[in-house]
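# Residue-level structural notes
Each chain, written out:
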Amino acid sequence: MNRQVGFTLIEVLVALVIVAIALGAGIKAAGALTGNADRLAQVSAAQWCAENTLTELRLTQQFPDIGESPFSCEQLGRTYGGKLKVSATPNPLFRRVDADVADDAGRPMLTLSTIMGKP
């Protein structure tokens with residue numbers, strides 16, 4: 001009796017489909033990691049922008065007026081815009097300052113807050 005050993009065409013096709021699905025999932029995961037790394041870089045740069053704006057405000061040693069004012073800065077070749085919101089606190093000697101930073105499309109990215117005292 002002559003019996004041939006090997007895989008049938010159906011078995012080979014099923015194996016190829018499984019490999020294709022696994023490769024597709026791997027490529028999708030790699031793309032998601034790349035997108036997350038880009039988002040992390042953008043949020044880090046936006047945080048630097050907010051920190052620089054709040055530090056500049058502290059260095060002027062002036063008590064900020066209540067209200068909103070726009071600001072912008074450039075980090076890593078991108079321009080970030082935002083609003084500096086100054087609000088009162090229960091203690092009149094302190095003010096809360098929020099730096100809201102948005103991306104190029106105007107979508108909010110982060111808010112960094114601090115309390116400033118009257119000099």
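I will try to describe carefully the structure that is included in this document.

Rules behind the numbers
Residue positions are given per chain, counted from 1 along the sequence in the order it is written. Per-residue local features of the predicted model are confined to residues with pLDDT of at least 70, and side-chain atom pairs are confined, for both listing and counting, to 80 or more; whole-chain, interface and lining totals are unaffected and use all residues. Note that water and hydrogens are dropped before the side-chain values are worked out from all heavy atoms of the structure. Cysteine sulfurs are considered disulfide-paired once they come within 2.5 Å of each other. Put simply, DSSP marks the helices as runs of H or I at least four residues long and the strands as runs of E at least two long, and each gets a number from the N terminus on. Relative accessible area decides the class of each residue, using a 1.4 Å probe on protein chains only: under 20% of the type maximum gives buried, over 50% gives exposed, and in between gives partly exposed. At least two bridges found by DSSP between two strands is the condition for calling them paired.

With that settled, the discussion passes to the state of the cysteines. Enumeration according to the criterion identifies one disulfide in this entry. Here Cys 49 connects covalently by a disulfide to Cys 73, the sulfurs 1.7 Å from one another. One end of the pair, Cys 49, is in helix H1 (residues 9-59); the other, Cys 73, is in strand E1 (residues 67-75), with 24 residues separating them in the sequence. No difference in accessibility class separates Cys 49 from Cys 73, as the two residues are buried.

A few words now on the pairing of strand E3 (residues 94-102). Regular strands place their side chains on alternate faces of the sheet. Within E3, seven of the nine residues are buried, which leaves it mostly tucked inside the rest of the structure. Bridging between strand E2 (residues 78-88) and E3 involves eight bridges; their strand directions are antiparallel. Bridged to Lys 83 within E3 is Asp 100. Connecting E2 to the antiparallel partner E3 that follows it, the hairpin turn spans five residues. Note that E3 and strand E4 (residues 108-117) share nine bridges and pair antiparallel. By the bridge assignment, Asp 98 is partnered in E4 with Ser 113. Here E3 folds back onto E4 in antiparallel fashion, the turn holding five residues, of which Gly 106 has a positive phi close to 90°.

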